Amino acid sequence: MINRRQMIEETLDPKDWEEMRAIGHLMMDDMIDYLKDIKDKPVWKPIPEETKTFFKEDLPEYGMNANEIYTQFKTHILPYNKGNIHPRFWAWVQGTGTPMGVFGDFLASAMNPNVTIGEQSAMYVDQEVVNWCKQMMHFPESASGILLSGGSMANTTALIVARNHMIAFSRKEGMQGLALKPVMYCSTETHSCIAKASEVIGIGTEGLRKISVNADYTINLESLEQTIRDDISKGYNPFCLVGNAGTVNTGAIDDLKALKLLCKKYDLWFHIDGAFGALAKLTDQYKEKLKPIEEADSVAFDLHKWMYMPYEVGCVLIRNKEAHRNAFSFTPNYLMFHDQGLASGPDSLNNFGIELSRGFKALKVWMSIKEQGIKKYTEQIEKNIQQAEYLTDLVNQNNTLELLAPTSLNIVCFRFISSHKTKEELNQLNKDIVMKLQVSGIASPSSTILGGNYAIRVAITNHRSITSDFDLLINETIKLGHSLL
Ligand SMILES: *Cc1c(COP(=O)(O)O)cnc(C)c1O
């Protein structure tokens, strides 16, 4: 028998709550200052060896003081942030975050609910946020959706539903039960997460037909239809077409209307990867072009990109709720639904995705949208589009710079040029410019290759950027280009 007097009564809560409160306040104050003053700091700094070595400590056996831990954070972690909170960060496609978003995550973490099952407030917040997402995309109320870690999971989730629904897929037999080989379509410019998803859903990367693009990097419709016909005649089973609402390289938007018609004609599931671009649907400028999203079978988009929410949060919407639920529903004995009490409440969210445990990522979204209103978000998205156009003008006005792709949405791809240099030399030169811009802490664009040319790539999902940030980028790029010549 266990001796009651010898039982451990200690918890992980602080012994001194007031001491914990004080350090909490300090952290909060420091982080508010950090965000307030971020524009005056370098965008990025190289990480010193000393700090890399610091991260090789053995597993701590005993605890240390909270103040000391916080000092380590300030010494080794905070200064070497990636920088996407900075006004001159335009690498990849990365959102910026807001103070309210930070608070949302803090409050969510304090409540610490597991938002998958049960009668609890977080389930209703999660549902409301998904409903708002439907409203943003003009999806019907009857549609379903789920918040996920990001665009990759959102796209993959949609494609699992598409496979199960379109090819009479048996969850019991899996791919083994299939008579015909399922294939799906997207352009060569499509994000790599779709290729990953094609592996996950079992069709393999060969089952994903990558269709060539036009000069503006949109999918070539003739080639697409020809490939579908060829596949049908060869006995494959085309089941899905993935359209891009904003490709990652250049922001290209496929002819979504034409893609929808092809889907009707060949009975394909129409999925749209709108990781960042779908949100431009909110703007007057892009609402017509992106209207076909409303007719898609599913759309994936990120709230941590062009809605500026702190990482991570993405969303997938599925028009056919039943198809969505059929793909994932599972009710083991330990997840039984009850009429009353904790195990009642909304339909469990594990019926709509792969995850069982889920954090309360909906709270930061709920609070942020309430704080700003969707009109303010629309204005910020419009601002970023304007900034891309402004930057494009600056590039076009300068004869040492060259635009490498038509500017679409918020992405500008350009390079420094000189008539005395070969293609290879220019590629190296522009790579050096990007590295120097980053290492000096001036700005963080990223890069891509377009038509064999190295491009300086600026993707603006940044509410902190202002016009002068782009003047600075151009001036510094030209200065660096000339000094490197
Ligand atoms: C970022 C992005 C993704 C992947 O989204 P994550 O949130 O990074 O997982 C997919 N498609 C496009 C077009 C993207 O820009």
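Since the structure is predicted, the reported quantities are computational estimates derived from the model, not experimental observations. (Residues numbered from 1 in each chain as written. Predicted model: local features only at pLDDT ≥ 70, side-chain atom pairs only at ≥ 80, totals over all residues. Heavy atoms only, no water.)

Novice: Which residues make up the overall build of the chain, and what values do they have?
Specialist: Regarding its fold elements, the chain presents 15 helices and 12 strands. Computed over its C-alpha atoms, the radius of gyration of the chain comes to 25 Å, within 12% of the 23 Å expected for a compact globule of 485 residues. Principal-axis analysis of the C-alpha atoms gives the chain an extent of 85 × 60 × 45 Å. Across the 485 residues of the chain, 51% fall into the buried class. Considering only intrachain contacts with a sequence separation of at least 6, the fraction spanning at least 24 residues in the chain is 74%. Here the chain displays about 24100 Å² of accessible surface, and carbon together with sulfur accounts for 53% of that area. (Helix = DSSP H or I, 4+ residues; strand = E, 2+ residues; numbered from the N terminus. Rg over C-alpha atoms; globule rule 2.2 N^0.38 Å. Buried < 20%, exposed > 50% of the residue type's maximum accessible area, 1.4 Å probe, protein only. Contact = heavy atoms within 4.5 Å. Areas by Shrake-Rupley, 256 points an atom, 1.4 Å probe, with all protein chains shown as cover.)

Novice: Provide a residue-level description of the sheet that holds strand 11 (residues 444-450), including the pertinent values.
Specialist: Strand order in the open sheet made by the 5 strands is 1-11-12-10-9, with mixed pairing throughout. At either end of the open sheet lies a strand with only one pairing partner, and these are strand 1 (89-90) and strand 9 (401-403). Bridging between strand 1 and strand 11 involves 2 bridges; their strand directions are parallel. Residue pairing across strands places Phe89 opposite Ser444, the latter belonging to strand 11. Sheet contacts for helix 14 (residues 423-439): strand 10 (411-416), strand 11 and strand 12 (453-459); angle to strand 12, the most-contacted strand, approximately 30 degrees. (Pairing = 2+ DSSP bridges. Axes fitted to C-alpha atoms, helices over the stretch in contact; angles between N-to-C directions.)

Novice: An account of the side chain of His76 is needed here, citing residue identities and associated values.
Specialist: Topologically, His76 is positioned in helix 3 (residues 66-77). Looking at His76, the relative accessible area reads 11%, which means it is buried. Among residues more than four places away in sequence, those in contact with His76 are Glu50, Thr51, Phe54 and Phe55.

Novice: Tell me about the pairing of strand 2 (residues 144-148), and name the residues and values.
Specialist: Each regular strand displays side chains that alternate between the two surfaces of the sheet. Of all 5 residues that make up strand 2, 5 are buried, and the element is covered over most of its length. Burial of strand 2 is two-sided: the residues Ser144, Ile146 and Leu148 facing one way and the residues Gly145 and Leu147 facing the other way are all buried.

Novice: Please set out the site of the ligand residue by residue, giving values where relevant.
Specialist: Close contacts around the ligand come from 15 residues, with Gly151, Ser152, Asp273, Asp302 and Lys305 the closest. Within the backbone of Gly151, a nitrogen or oxygen atom sits 2.7 Å from an oxygen atom of the ligand. Measuring from an oxygen atom of the ligand, one finds a side-chain N or O atom of Lys305 at 2.9 Å. Alone, the ligand offers 380 Å² of accessible surface; in the complex the protein occludes 85% of this. Per-element accounting of the shell around the ligand gives the leading share, 3 residues, to helix 6 (residues 151-166). A per-class count over the shell around the ligand returns 5 nonpolar, 7 polar and 3 charged. (Near = heavy atom within 4 Å. Polar contact = N/O pair within 3.5 Å; in protein donor to acceptor, adjacent residues only side chain to side chain. Nonpolar A, V, L, I, M, F, W, Y, C, P; charged D, E, K, R; others polar.)

Novice: A description of the environment of Asn326 should follow, citing residues and the corresponding values.
Specialist: Among the structural elements, Asn326 can be located in helix 11 (residues 321-328). Taking the C-alpha atoms as reference, Asn326 lies 48 Å from Lys45; in sequence the two are 281 residues apart.

Novice: I'd like a rundown of the sheet that holds strand 4 (residues 208-211), residues and numbers included.
Specialist: Spatial ordering of the open sheet is given by 2-8-7-6-5-3-4, a layout of 7 strands whose pairing is mixed. Of all the strands in the sheet, the pair left with one neighbour each is strand 2 and strand 4. Neighbour-to-neighbour, the strand axes of the sheet open up by a mean angle of 20 degrees, direction not taken into account. Relative to strand 7 (residues 298-302), strand 6 (residues 269-273) runs parallel, the two being bridged by 3 bridges. Opposite His271, over in strand 7, you have Ser298 as the bridge partner. Across the sheet, helix 6 touches strand 2, strand 3 (181-187), strand 5 (236-244), strand 6, strand 7 and strand 8 (314-318), and the angle it forms with strand 6 is around 175 degrees.

Novice: Could you give an account of the packing of helix 8 (residues 221-233) against helix 9 (residues 256-266), naming the residues involved and the relevant values?
Specialist: Relative to each other, helix 8 and helix 9 sit at 15 degrees, their axes nearing to 11 Å. For the element pair helix 8 / helix 9, the angle class is roughly parallel. Helix 8 and helix 9 meet at a crossing whose hand is right-handed. Along the contact surface, helix 8 presents Leu221, Leu224, Glu225, Ile228, Arg229 and Ile232, while helix 9 presents Ala258, Leu259, Leu262, Lys265 and Tyr266. Per-class residue counts for the contact of helix 8 with helix 9 are 8 nonpolar, no polar and 3 charged. (Parallel < 35°, antiparallel > 145°, perpendicular 65-115°, else oblique. Left-handed = near helix turned anticlockwise from the far one by under 90°.)

Novice: Tell me about the nonpolar core, and name the residues and values.
Specialist: In this structure, Met137, Ile293 and Phe301 are the most contacted members of the largest nonpolar core, which totals 100 residues. Ignoring sequence-local partners within four residues, the contact set of Phe301 consists of Cys133, Met137, Gly274, Ala275, Ala278, Leu279, Gly314, Cys315 and Leu317. Among the nonpolar cores identified, the runner-up in size contains 25 residues, and Leu391, Leu429, Val458 and Leu473 belong to it. (Core = buried A, V, L, I, M, F, W, Y, C linked by side-chain atoms within 4.5 Å.)

Novice: Kindly report on helix 9, identifying the contributing residues and their values.
Specialist: Turning to helix 9, its buried residues are Leu256, Ala258, Leu259, Lys260, Leu262, Cys263 and Tyr266. Buried residues along helix 9 sit in contact with helix 8, strand 5 and strand 6. Phi for Asp267, located one or two positions after helix 9, is positive at around 55 degrees.

Novice: Could you give me a rundown of the environment of Met175, with the residues and numbers involved?
Specialist: As for its position among the elements, Met175 is in the loop between helix 6 and strand 3. Residue contacts for Met175: discarding those within four places in its chain leaves Arg163, Phe169, Pro182, Ile201, Gly202 and Ile203.

Novice: Tell me about the pairing of strand 5, residues and numbers included.
Specialist: Strand 5 sits mainly inside the fold: 7 of its 9 residues count as buried. Here 5 bridges tie strand 3 to strand 5, and the two strands are oriented parallel to one another. When the sheet's bridge partners are listed, Tyr185 is paired in strand 5 with Leu241. Note: strand 5 against strand 6, 5 bridges, orientation parallel. Of the residues in strand 6, the one forming a bridge with Val242 is His271.

Novice: Any details on the packing of aromatic side chains? Residues and values, ideally.
Specialist: Pairs of aromatic rings are described using the distance from one ring centre to the other and the angle between the two planes. Inspection of every chain in the model, using the stated rule, returns 5 aromatic pairs. Ring plane angle 70 degrees and centroid distance 5.3 Å describe the contact between Phe54 and Phe55, whose orientation is recorded as edge-to-face. Directly above the aromatic system of Phe169 lies the positively charged group of Arg163, at a separation of 3.9 Å from the ring centroid. Here Arg209 stacks its cationic end above the ring of Tyr236, 4.6 Å away from the centre of that ring. (Phe/Tyr/Trp six-rings, centres within 6.5 Å; stacked < 30°, edge-to-face > 60°. Lys NZ or Arg CZ within 6 Å of the ring centre and 35° of its normal.)

By themselves these figures say nothing about function.
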